[in-house]
Amino acid sequence: MKKEVVVVATMTAAATVVVAAVLLRQWKRKKQRQWRETQKILRKFARDCSTPVPKLWQVSNALVSDMKACLASSGTITTLNMLVSYVSPLPTGDEKGFYYGVNLRGTNFLILCARLGGKNNPISDLHKEEIPIPSNLMAATSKELFDFIAVELGKFVSEHPNTLAEELSKLGCIVSCPVEQSVVSDGTAIKWKSFSADSKVGKKLVSDFNKALEEHGVKLRVYAMVDDTVGNLAGGRYYNRESVAAVTLAMGTDAAYVEPANAALQWHGPSPKLGDMVISTQWGGFSSPHLPITIFDTCLDAESPNPGCRRFEKLISGMYLGEIVRRVLLKMAQETAVFGDTVPLKLMTPYQLSSPDMAAMHQDTSEDHKIVGEKLKKVFGITSTSPKAREVVSEVCDIVAERGARLSGAGILGIIKKLGRIENKKSVVTVEGGLYDHYRVFRNYLNSSVWEMLGNDLSDNVVIKHSHGGSGTGALFLAASQMQMQNDDPDPDPEPGNDDDDEEPDIDDAHPDNDDHDHEHGNDVRDPNLN
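Computed from a predicted model, the values in this text were never measured in an experiment.

Rules used in this analysis
- Residues numbered from 1 in each chain as written.
- Predicted model: local features only at pLDDT ≥ 70, side-chain atom pairs only at ≥ 80, totals over all residues.
- Heavy atoms only, no water.
- Axes fitted to C-alpha atoms, helices over the stretch in contact; angles between N-to-C directions.
- Helix = DSSP H or I, 4+ residues; strand = E, 2+ residues; numbered from the N terminus.
- Left-handed = near helix turned anticlockwise from the far one by under 90°.
- Contact = heavy atoms within 4.5 Å.
- Nonpolar A, V, L, I, M, F, W, Y, C, P; charged D, E, K, R; others polar.
- Pairing = 2+ DSSP bridges.
- Buried < 20%, exposed > 50% of the residue type's maximum accessible area, 1.4 Å probe, protein only.
- Lys, Arg positive; Asp, Glu negative; His and termini not counted.
- Salt bridge = Lys/Arg side-chain N within 4 Å of Asp/Glu carboxyl O.
- Polar contact = N/O pair within 3.5 Å; in protein donor to acceptor, adjacent residues only side chain to side chain.
- Expected span 1.5 Å × (residues − 1).
- Phe/Tyr/Trp six-rings, centres within 6.5 Å; stacked < 30°, edge-to-face > 60°.
- Lys NZ or Arg CZ within 6 Å of the ring centre and 35° of its normal.
- Parallel < 35°, antiparallel > 145°, perpendicular 65-115°, else oblique.
- Arc of directions from axis to C-beta.
- pLDDT = per-residue confidence, 0-100.

Topic: the packing of helix 6 (residues 295–302) against helix 8 (residues 318–336)
So, point 1. Axis separation between helix 6 and helix 8 bottoms out at 10 Å; the angle between their running directions is 115 degrees. In the crossing of helix 6 with helix 8, the sense of the turn from one axis to the other is right-handed. Residues Phe296, Asp297, Cys299 and Leu300 of helix 6 pack against Tyr320, Glu323, Ile324, Arg327, Val328 and Lys331 of helix 8.
So, point 2. Looking at side-chain class alone, the contact of helix 6 with helix 8 contains six nonpolar, no polar and four charged residues.

Thoughts on the sheet that holds strand 11 (residues 462–466)
Sheet strands line up and pair through hydrogen bonds in the backbone, either parallel or antiparallel.
So, point 1. Taken together, six strands build an open sheet; the order of strands is 1-9-8-7-10-11 and the sheet is mixed. The sheet terminates laterally at strand 1 (83–84) and strand 11, the two strands that pair on one side only.
So, point 2. Pairing of strand 7 (residues 243–249) with strand 10 (residues 427–432) involves five bridges; the strand directions are parallel. Following the sheet pairing, threonine 248 is matched in strand 10 by glutamate 432.
So, point 3. Contacting strand 7, strand 8 (253–260), strand 9 (276–280) and strand 10, helix 5 (residues 228–239) runs over the sheet at an angle of about 135 degrees to strand 7.

A look at the side chain of arginine 421
So, point 1. For arginine 421, the position within the fold is in the loop between helix 11 (387–418) and strand 10.
So, point 2. Of the side chains bearing the opposite charge, glutamate 242 lies closest to the buried arginine 421, which forms no salt bridge; the N-O distance is 5.9 Å.
So, point 3. For arginine 421, the side chain forms a polar contact with the side chain of serine 427, separated by 2.7 Å.

Things to note about helix 2 (residues 53–72)
So, point 1. Along its 20 residues, helix 2 runs 29 Å from first to last C-alpha, staying within 8% of the 28 Å computed at 1.5 Å per residue.
So, point 2. Taken together, the buried residues of helix 2 touch strand 8, strand 9, helix 11 and helix 13 (440–458).

A look at the environment of alanine 62
So, point 1. Looking at where alanine 62 falls in the secondary structure, it is placed in helix 2.
So, point 2. Along the chain, alanine 62 and serine 287 lie 225 residues apart, while their C-alpha atoms are 8.6 Å from each other.
So, point 3. In contact with alanine 62, other than residues within four places in its own chain, are Phe286, Ser288 and His290.

Some remarks on the packing of aromatic side chains
So, point 1. Scanning the entire structure with this criterion turns up 12 aromatic pairs.
So, point 2. A ring pair is formed by tyrosine 100 and phenylalanine 156, whose centres lie 6.5 Å apart and whose planes are at 80 degrees; its orientation type is edge-to-face. Here phenylalanine 156 lies in helix 3 (residues 142–159) and tyrosine 100 lies in strand 2 (residues 96–104), a separation of 56 residues in the sequence. No difference in accessibility class separates tyrosine 100 from phenylalanine 156, as the two residues are buried.
So, point 3. Measuring from ring centre to ring centre gives 4.7 Å for phenylalanine 146 and phenylalanine 209, while their planes differ by 5 degrees; the resulting arrangement is stacked. In this pair, phenylalanine 146 sits in helix 3 while phenylalanine 209 sits in helix 4 (residues 200–215), placing the two residues 63 residues apart along the sequence.
So, point 4. We classify phenylalanine 209 as buried; its relative accessible area is 0%.
So, point 5. Feature note: the residues Phe98, Tyr100 and Phe156 constitute an aromatic cluster, connected by ring pairs.
So, point 6. If you follow arginine 443 out to its NZ or CZ, it ends over the ring of tyrosine 436, 5.9 Å from the centre.

What to know about unusual backbone geometry
So, point 1. In this model, arginine 310 sits at a positive phi of 55 degrees, which is unusual for a non-glycine residue.
So, point 2. Unusually for a residue other than glycine, aspartate 368 sits at a positive phi of about 55 degrees.
So, point 3. If you trace the backbone, aspartate 368 turns up in the loop between helix 9 (355–362) and helix 10 (370–380).
So, point 4. For aspartate 368, a relative accessible area of 44% corresponds to the partly exposed category.

Considerations on the environment of phenylalanine 286
So, point 1. By the secondary structure assignment, phenylalanine 286 is in the loop between strand 9 and helix 6.
So, point 2. Relative accessible area serves as the criterion here: at 1%, phenylalanine 286 is assigned to the buried category.
So, point 3. Separated by 26 residues in the primary sequence, phenylalanine 286 and phenylalanine 312 place their C-alpha atoms 5.4 Å from one another.
So, point 4. Leaving out residues up to four positions away in the same chain, phenylalanine 286 has contacts with Val59, Ala62, Leu63, Asp66, Thr79, Leu80, Leu291, Arg311 and Phe312.

With respect to the pairing of strand 7
So, point 1. Judged by how many residues are buried, strand 7 sits mostly within the fold: seven of seven residues are covered.
So, point 2. Between strand 7 and strand 8, which follow one another and run antiparallel, lie three residues.

Some points on the packing of helix 11 against helix 13
So, point 1. Close contact between helix 11 and helix 13 brings their axes to 8 Å; oriented N to C, the two are set at 45 degrees. What the angle tells us is that helix 11 and helix 13 run oblique. Here helix 11 runs over helix 13; the crossing is right-handed. Taken together, the residues of helix 13 that come into contact with helix 11 (itself represented by Asp398, Ala401, Glu402, Gly404, Ala405, Arg406, Ser408, Gly409, Ala410, Ile412 and Leu413) are Val441, Phe442, Tyr445, Leu446, Ser449, Val450, Glu452, Met453 and Leu454.
So, point 2. Among the residues making up the contact of helix 11 with helix 13, the classes are represented as 12 nonpolar, four polar and four charged.

Some thoughts on helix 10
So, point 1. Within the sequence span of helix 10, burial applies to Val372, Gly373, Lys375, Leu376, Val379 and Phe380. Here the buried residues of helix 10 occupy an arc of 165 degrees about the axis, which is enough to place them on one side. Within helix 10, the exposed residues directed more than 90 degrees away from the buried face are Lys370, Lys377 and Lys378.
So, point 2. Among the structural elements, helix 8, helix 9 and helix 11 are those in contact with the buried residues of helix 10.
So, point 3. Immediately downstream of helix 10, the backbone of glycine 381 shows phi near 75 degrees, a positive value.

Looking at the confidence of the model for the protein chain
So, point 1. Here the protein chain averages 79 in pLDDT, while 74% of its residues score no lower than 70.
So, point 2. Confidence drops under a pLDDT of 50 for residues 178–191, and excluding neighbours within four residues, the segment shows 41 contacts in the predicted structure.
So, point 3. Note on residues 490–531: pLDDT under 50 across the span, and 120 contacts to partners over four residues away in sequence or across chains.

Considerations on the pairing of strand 10
So, point 1. By the criterion of burial, strand 10 is predominantly enclosed, with six of the six residues buried.
So, point 2. Every second residue of strand 10 is oriented toward a common face, with Ser427, Val429 and Val431 on one face and Val428, Thr430 and Glu432 on the other, all of them buried.

Regarding the pattern of salt bridges
So, point 1. Under the counting rule described, the total for this entry stands at 14 salt bridges.
So, point 2. In this structure, the salt-bridge partner of glutamate 323 is arginine 327, at a minimum N-O distance of 2.9 Å. Here glutamate 323 and its partner arginine 327 are both found in helix 8, four residues apart, which amounts to about one turn of the helix. Residues glutamate 323 and arginine 327 agree in their burial class; the two are buried.
So, point 3. Residues participating in the shared-partner salt-bridge network are Glu303, Glu323, Arg326 and Arg327.

Quick look at the structure:
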């Protein structure tokens, strides 16, 4: 009897071992099959995002065509909405004096002042103060907002006076348009839509600002109000006469450049005094069949507040890079269980992954991608991942960043090509924004794409440089450059009683309604590492 029990027990144990071995083999096969599917999704995504040099030149040429068509105003439909800033003259680097600036953003504004010493002397006496906008002014009219800013400016000037000023001091004003509110995780943002400083609305905003300054006894006067990329260009020109363009690569993106006035064949409005005009391309709205758009980009666009618009921006700006990565990882989690049998809830939450977190994972050089694992736990609640899964996450980040950076480089060369400067002139392009400043791999990919496209013979003709202090200090350079304009036209603002529209415009009314207004630069909603 005992022998029978022993035999049965032995057989049962053997059967258990056999079953366990079978289950283990099945589990391994399942994991191998899932891993092959993960790799299949990754390889297809990499192919769809591919940006070889010929494709980059196709994108550049398409941008040039749209720029020409938009400037010609020939009735041709383009994806660009280029705005003439009429900022003339730009700084020469010889400007000297004490100037004030305001960088108006979404939920805050920056006030600053500094003394410019000309080419041979550095900037000195630089002071900055960031002031939050009260919540009750978030949906205010321009008059209410400018009244508040005027009061704060008065305090700032009293603390940092221009001791040499006899009458009015010049004030530069930069408007940084914030992100679309519906995709921001928290906070409220005033939506300054894009506008031309020479347009009726642009003139009225300048006039309203100056009225508020006068009413509150602030001895400052605004002579121009432009977007932050134009301010960045003013700063670039102050340091280098060969600066012909400026690019913002942050939560949003735009590019501004200097264009000969005669290039706008049918442009309506006054000609710039010195034969050049500064144009904000609004290139975030650029679209072309040559853009490497994947199914993930198509779904992101369809579910965005502005489907069909801002296609270029949705491929290259900080607002969207992390979201594209999240969507790819979600597909892998759902179809290949790369993060386990249960799909993490936070992985299904749109815009959960910020670009700074994406950059941290992408640039992780620790053993077994330890930082990737920490970020996955913190951002998505994924507590356990294999080294192979973390490697995949890093590769997805690399694919998205490389595509965005190389497309940015293609856009830059499109502008230089439009100006006819690639083959025979040196051109300096100033770049600001967190993607370029703080995302080292992104910056390297952008620079390498420009070098690859130009080749050894022409690569020295385009120089990409960091901005000098960003758009905030651009307001100071802008104020300085308007000295000649003030002498030529001492009262550029419309008279109070001559405005055709007596109704106080809402801040959101700064451009005729269209879906291409989401020019997203507002520092108020950005991660500190992406400002």
